[in-house]
Amino acid sequence: MAAQAPPTVEVALSEGKSVASPMRHSARKKLIRREDHDGSQRIRFAVQAAFLALNLWIGLQFYLFVRWAETGGQTAAVSRPSGVEGWLPIEGLMQFKYTLWSGQLPGLHPAAFFLFTAFALSSLLFRKSFCGWLCPVGTVSEYLWKLGRRLFGRNFSLPAWLDLPLRSLKYLLLSFFVYAISTMSAAAIAHFVASPYGLVVDVRMLNFFRFMGTATVLVLGILGVASLLVRNFWCRYLCPYGALMGLISLFSPLRIVRQKGACIDCAKCAKACPSALPVDKLVQIRSAECIGCLECVAVCPAKDALALQWMGSAGKRPVRGWQVAAGVGLIFFGLVGYAKLTNHWQTPLPQQVYLRLVPTANEQQHPMIGEHRE
Ligand code: SF4
Ligand code: SF4
């Protein structure tokens, strides 16, 4: 019996509770228990919390700036934080196209370009890491489903016939935005951003949440309840930005790789996966839904069974959580630092313009994108 085996080797069946039926282990695989300490989730939670705190700080600063402009400069002067442009993903995509097409960095709202590029690069290199490591909405979603699991003892999954069509919603939303932007020339984008509407589009977004109507409160309430019940409800079904990051991540050189020989088929990885991917059944995870969170790797009990690895290096040195955090941090701070050092971060608008436009932000007319197409 296993009592005579070395301490790191146990009969897989002795895992007991996690094994539904001894028949699953047709080959009677042995568990070589991993001895390394996986700190990936602690690191990820810290990165998520830090980015959430940064966004709350930016939000507060932006609110104080808007109040200053709304009161005609009566409250304490606070400058507009350019980081708020990270909350304008559509504009980020527009500015990205503008830069590619014109060969020039945007003069107005350039931070939108740099933040979009940083998030897209992170997702390109480290799976959809923007969603799993940085996005504050993703972080709040994760807090909510974990709270829901505490409250109800579990999370719920939608049946496959509903899950699949709902998952396509975010791609439909994305294709709408991509189509609209694809019809705009670089000049049209520049015209849109420089219009009174484009200059205070961030203020309009803030006002949307400050002055919510009944329908908005109702929709947000439904989303909140759904997020308690279903893991990452918003990200999984509705977020077009996440959909775009997912499509980009399909070209990522990193992927979760499972070594069949070392795996004991306990299915702990699949159970832990917030994207409900069948990690225990696949050899590689290439899905656009994989957010590179490493939860599956963290719970895997078997030595060398599951790891994040560079393409073509299966079985070799795995990529650790701290390396993902360092890579994502390097991209983010590298691009933001470059933009700041080269004076491509702030929008160079006189305060007088904001004093005039911010109080009337909701009255500004959309410059009718169609008029500026080539
Ligand atoms: S496969 Fe692993 S890394 Fe990808 S989402 Fe699932 S748990 Fe996270
Ligand atoms: S890869 Fe998944 S199924 Fe295999 S041992 Fe690890 S957690 Fe269990």
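Residues numbered from 1 in each chain as written. Chains lettered and ligands numbered in written order. Predicted model: local features only at pLDDT ≥ 70, side-chain atom pairs only at ≥ 80, totals over all residues.

Undergrad: Please set out the overall build of the protein chain residue by residue, giving values where relevant.
TA: Secondary structure summary: the protein chain contains 16 helices and 5 strands in total. The buried share among the 374 residues of the protein chain stands at 36%. Restricting the contact set of the protein chain to residue pairs at least 6 apart, pairs at least 24 apart contribute 73%. (Helix = DSSP H or I, 4+ residues; strand = E, 2+ residues; numbered from the N terminus. Buried ≥ 20, exposed ≤ 12 C-beta atoms within 10 Å, placed from the backbone. Contact = placed C-beta atoms within 7 Å.)

Undergrad: Give me unusual backbone geometry: which residues, what numbers.
TA: Generally, phi is negative for residues other than glycine and the peptide bonds are trans, each holding for most cases. In this structure, R127 is a non-glycine residue whose phi angle is positive, near 55°. Counting through the fold element by element, R127 comes out in the loop between α3 (110-125) and α4 (129-134). Positive phi, close to 60°, is recorded for D265, a residue that is not glycine. As for its placement among the helices and strands, D265 is situated in the loop between β3 (254-258) and α13 (268-272). Judged by local crowding, D265 falls into the partly exposed class, with 17 C-beta atoms found within 10 Å.

Undergrad: Explain the sheet that holds strand β5 (residues 306-310) to me, using residue names and the numbers behind them.
TA: Across the sheet, 3 strands lie side by side as β4-β3-β5; this open sheet has antiparallel pairing. The two strands at the open ends of the sheet, each matched to only one other strand, are β4 (284-285) and β5. Taken together, the 5 bridges between β3 and β5 define a ladder with antiparallel strand orientation. From the neighbouring strand, L254 faces β5, where its bridge partner is W310. (Pairing = 2+ DSSP bridges.)

Undergrad: Can you lay out the nonpolar core for me, pointing to particular residues and giving the numbers?
TA: Among soluble globular proteins, nonpolar side chains are generally buried collectively. Grouped together as the largest cluster of nonpolar side chains are 78 residues, with contacts concentrated most on I189, I256, C296 and L306. Considering each element in turn, this core owes the most residues, 10 residues, to α3. Residues from two domains meet in this core; each of domain 1 (2-39 + 256-318) and domain 2 (40-249 + 324-372) gives at least three. In contact with C296, other than residues within four places in its own chain, are I256, C269, A272, C273, V279 and L306. (Core = buried A, V, L, I, M, F, W, Y, C linked by C-beta atoms within 7 Å. Domains from an automatic or database assignment.)

Undergrad: Can you lay out the site of ligand 1 for me, pointing to particular residues and giving the numbers?
TA: Every one of the 15 residues lining ligand 1 counts as a neighbour, but C273, C290, C293, E295 and C296 are closest to it. Class assignment of the residues belonging to the shell around ligand 1 gives a composition of 12 nonpolar, 2 polar and 1 charged. (Near = placed C-beta within 6 Å. Nonpolar A, V, L, I, M, F, W, Y, C, P; charged D, E, K, R; others polar.)

Undergrad: Tell me about the pairing of β3, residues and numbers included.
TA: Across the 5 residues of β3, 5 count as buried, placing the element largely inside the fold. Here β3 shows a buried face lined by L254, I256 and R258 and a second buried face lined by R255 and V257.

Undergrad: Can you lay out the site of ligand 2 for me, pointing to particular residues and giving the numbers?
TA: Taken together, 14 residues form the shell around ligand 2, and within it C263, C266, C269, D280 and C300 come nearest. In terms of residue class, the shell around ligand 2 is built from 10 nonpolar, no polar and 4 charged.

Undergrad: Break down the domain arrangement of the protein chain for me, citing the residues and quoting the values.
TA: In terms of domain boundaries, the protein chain breaks down into domain 1 (2-39 + 256-318) and domain 2 (40-249 + 324-372). The distance between the C-alpha centroids of domain 1 and domain 2 comes to 35 Å. At the junction of the two partners, domain 1 supplies 14 residues and domain 2 supplies 18 residues.

Undergrad: Tell me about the environment of W345, and name the residues and values.
TA: Within the secondary structure layout, W345 lies in the loop between α15 (321-341) and α16 (351-357). Classification of W345 as partly exposed rests on a count of 17 C-beta atoms within 10 Å. Once the C-alpha coordinates of W345 and R286 are considered, the two residues, 59 residues apart in sequence, prove to be 35 Å apart.

Undergrad: Let's hear about the packing of α3 against α15: which residues, and what values?
TA: It is at 9 Å that the axes of α3 and α15 come closest, and there the two elements cross at 160°. Comparing their axes, α15 and α3 come out roughly antiparallel. For the pair α3 and α15, the sense of crossing is right-handed. Here α3 contributes P110, A111, F114, T117, A118, L121, S122 and L125 to the contact with α15, which in turn contributes G327, V328, I331, F332, L335, V336 and A339. (Axes fitted to C-alpha atoms, helices over the stretch in contact; angles between N-to-C directions. Parallel < 35°, antiparallel > 145°, perpendicular 65-115°, else oblique. Left-handed = near helix turned anticlockwise from the far one by under 90°.)

Undergrad: Pulling in residues and values, what's your account of helix α9 (residues 201-210)?
TA: Given 3.6 residues to a turn, an α-helix orients residues that are three or four positions apart in the same direction. The set of residues buried in α9 consists of V201, D202 and V203. Residues of α9 that are buried in the fold lie against α1 (40-70), α2 (89-102) and α8 (196-199).

Undergrad: So what's going on with the packing of helix α5 (residues 136-152) against helix α10 (residues 214-229)? Residues and values would help.
TA: For the pair α5 and α10, interaxial distance at closest approach is 6 Å and the crossing angle is 60°. Two packed elements cross with a definite hand, and for α5 against α10 that hand is right-handed. Packed against α5, whose contacting residues are S141, L144, W145, L147, G148 and L151, the element α10 presents G224, S227, L228 and L229 at the interface. Tallied by class, residues from the contact of α5 with α10 come to 6 nonpolar, 4 polar and no charged.

Undergrad: Lay out the confidence of the model for the protein chain in plain terms, naming residues and giving numbers.
TA: Per-chain confidence: the protein chain averages 90 in pLDDT, with 90% of residues scoring 70 or above. Predicted confidence for residues 1-26 stays below pLDDT 50, and this span has 30 contacts to residues more than four positions away or in other chains. (pLDDT = per-residue confidence, 0-100.)

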